[in-house]
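Geometric and topological summary
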Amino acid sequence: MFKAFISTPLEDAQVARIRAAAAGDVEVIFEPDLLPPTRYVADHKGPDGWERTAEQEHRFHARLAEADFLWDLPPLHMLPAQDMSFAPNLKWVQTTSSGVGPMVEALNMKGSGVTVTTARGVHAVPLAEFTLMALLMHFKDVRHLRRQQAAHRWERYCGDGLEGKLVAIVGAGEVGRRVAEICKFHGMRIAAMSRSLTAAAAAKLGYDEIFRTSDLTEIAGRADAMVLCVPHTRETEGMISREVIAAMRPETALVNIARGQVVDEAALAEALAQGRPGFAALDVAAVEPLPATSPLWDLDNVLISPHSASTVQRENALIADLFIHNMRCLVEGRTGELRNAFDMDGMY
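Report on the accompanying structure.

Rules used in this analysis
- Residues numbered from 1 in each chain as written.
- Predicted model: local features only at pLDDT ≥ 70, side-chain atom pairs only at ≥ 80, totals over all residues.
- Heavy atoms only, no water.
- Helix = DSSP H or I, 4+ residues; strand = E, 2+ residues; numbered from the N terminus.
- Buried < 20%, exposed > 50% of the residue type's maximum accessible area, 1.4 Å probe, protein only.
- Contact = heavy atoms within 4.5 Å.
- Areas by Shrake-Rupley, 256 points an atom, 1.4 Å probe, with all protein chains shown as cover.
- Salt bridge = Lys/Arg side-chain N within 4 Å of Asp/Glu carboxyl O.
- Phe/Tyr/Trp six-rings, centres within 6.5 Å; stacked < 30°, edge-to-face > 60°.
- Disulfide = S-S within 2.5 Å.

**Side note on the overall build of the protein**
- Helix and strand counts for the protein stand at eleven helices and twelve strands.
- With the C-alpha coordinates of the protein rotated into their principal frame, the extents come out at 65 × 50 × 35 Å.
- For the protein, the residues scored as buried account for 49% of the 348 residues in total.
- In the protein, the proportion of contacts linking residues at least 24 apart, taken out of those at least 6 apart, comes to 65%.
- For the protein, the accessible area works out to roughly 16500 Å², and carbon and sulfur atoms hold 52% of it.

**Section: unusual backbone geometry**
- With an omega of 5 degrees, the peptide bond between Arg276 and Pro277 qualifies as cis.
- Turning to its location among the elements, Pro277 is positioned in the loop between helix H10 (265-273) and strand S11 (279-282).
- Glu288 connects to Pro289 through a cis peptide bond whose omega is 0 degrees.
- Take Pro289: it is sitting in the loop between S11 and strand S12 (302-304).
- One non-glycine residue with positive phi stands out, namely Ala42, at about 65 degrees.
- Looking at the secondary structure, you find Ala42 in the loop between strand S2 (26-29) and helix H2 (54-66).
- One non-glycine residue, Asp72, lies in positive phi territory at about 80 degrees.

**Some points on the pattern of salt bridges**
- Going through the model one piece at a time under the given rule, you end up with 29 salt bridges.
- Glu332 is the salt-bridge partner of Arg328, the closest N and O atoms lying 3.0 Å from each other.
- Connected through salt bridges with shared partners, the residues Lys3, Glu31, Asp33, Glu55, Arg59, Arg63 and Glu66 form a single ionic network.

**Details of the packing of aromatic side chains**
- As enumerated under the stated definition, the model contains five aromatic pairs in all.
- Seen from their ring centres, Phe2 and Phe69 are 5.0 Å apart, and the 25 degrees between their planes marks the pair as stacked. A residue pair is termed long-range when its members are at least 10 positions apart, and Phe2 in strand S1 (residues 2-6) and Phe69 in strand S3 (residues 69-71) qualify at 67 residues.
- A relative accessible area of 25% places Phe2 in the partly exposed class.
- On the basis of an interplanar angle of 50 degrees and a centroid distance of 5.9 Å, the ring pair of Trp71 and Phe323 is categorised as tilted. Here the residue Trp71 occupies a position in strand S3, and Phe323 occupies one in helix H11 (residues 315-331), the gap between them amounting to 252 residues. Taken individually, Trp71 and Phe323 each receive the classification buried, so the pair is uniform in this respect.
- An aromatic cluster of three or more residues is present, and its members are Phe2, Phe69, Trp71, Trp92 and Phe323.

**So, the state of the cysteines**
- Under the definition given, this model contains zero disulfides.
- The thiol of Cys183 is unpaired, and the distance to the nearest cysteine sulfur, on Cys229, comes to 9.1 Å.
- Residue Cys183 is classed as buried on the basis of its relative accessible area of 1%.
- Residue classification places Cys229 among the buried residues on the basis of a relative accessible area of 15%.

It is worth stressing that arrangement in space is one thing and function is another; only the former is reported here.
Structure, rendered in structure tokens:
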């Protein structure tokens, strides 16, 4: 019998679903006292500074060592080793995030024989919804309305809309495709960055044009909005450079639902202070939590979200669906049907 260890917080109802699906083939180990308390629904890390007792730490390490399957990778500082030696029996881990490349690299998992599947796609809908909210805030000039309301001032004004605007989607994966769908529904024109899509394939997806990484500065100068959806890899780190940012216009809205390291954050803060781009909605930061000293906090044309745009009530239920599917595939030897297998070469 395989052993599956729930190594980060999970609701009892989802654990019960996993146990039912295990059907006697997998022993599902869930010991809530070994896991941090949750601050909100789908909190996978718990509060800063939380620690286990010595007895709990010993038991936690023992559970990791005997596990064949893991629900999630605990934060690095909670692991007994910075490589996979802490889990000698591990065959598979289902992560609760899609951007796990840095974690996989930090643990030197490539070549370890451990299969990693991610939560790719689970967060696409809420991230697309956040993007739509941000774009509407900018083009409908919600900041102006809030100022007028605070002054008890009723004066008609002319806002703008999404229809006809060009949105450049940097990263045409699961999230990027969902962003494109919701923007297309509202009449926007879609330019998507992809390394592999052909013009014909892009047209079938409803994209109006395709661009490559080398075109970022040019597209930044034309786009009415840029939405960042790429994973954090060595190739994408800093790709939204000072040069790319400088090409943006006062009318441009930037939405970052990727990772903070994708952007030259210092250059972005300087540019936003000068009104180019005109607005930024940032769900991520290069250092998280965003330091209290960051100038981004105090800019009127910036919306800060504490890396929570993807966190919704249904998140763990959807990840549990993936866990159950992939667990049954592994138990029954259907490895070719695994969903969201992590690419150890591309690191995404």
